[in-house]
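In case you want the letters, here they are:
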Amino acid sequence: MADNSQKMSYQAGEAKGQAQEKANTMMDKAGNAAQSAKDSMNQAGEQVKAKAQGAADAVKNATGMNK
């Protein structure tokens, strides 16, 4: 009987370890996705900023305020 109990305990530990590893993997993937989204937003923000600066410079040039 002790053999069966030990086997069940071992299997429960294995299942727990596998579940923890899967959870860690999912958290890593979620963290990577969040970082990727952040990087994309930063890049988009920089592009918008550059376009806005270009537009401001064009207006200054057109109105003669850039002298």
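All values derive from a computational prediction rather than experimental measurement. (Residues numbered from 1 in each chain as written. Predicted model: local features only at pLDDT ≥ 70, side-chain atom pairs only at ≥ 80, totals over all residues. Heavy atoms only, no water.)

### Observations regarding the overall build of the protein chain
And then number 1: In terms of regular secondary structure, the protein chain is built from one helix and zero strands.
And then number 2: Relative to its length of 67 residues, the protein chain is extended, with a C-alpha radius of gyration of 29 Å against a globular reference of 11 Å.
And then number 3: Accessible surface for the protein chain amounts to roughly 6000 Å². Of this, 57% is attributable to carbon and sulfur atoms.
And then number 4: Of the charged side chains in the protein chain, 9 are positive and 7 negative; the average position of the first set lies 12 Å away from that of the second. (Helix = DSSP H or I, 4+ residues; strand = E, 2+ residues; numbered from the N terminus. Rg over C-alpha atoms; globule rule 2.2 N^0.38 Å. Areas by Shrake-Rupley, 256 points an atom, 1.4 Å probe, with all protein chains shown as cover. Lys, Arg positive; Asp, Glu negative; His and termini not counted. Charge placed at Lys NZ, Arg CZ, Asp CG, Glu CD.)

### Quick notes on the environment of M27
And then number 1: Turning to its location among the elements, M27 is positioned in helix α1 (residues 2–63).
And then number 2: We classify M27 as exposed; its relative accessible area is 60%.
And then number 3: Linking M27 and D3, residues 24 residues apart in sequence, is a C-alpha distance of 36 Å. (Buried < 20%, exposed > 50% of the residue type's maximum accessible area, 1.4 Å probe, protein only.)

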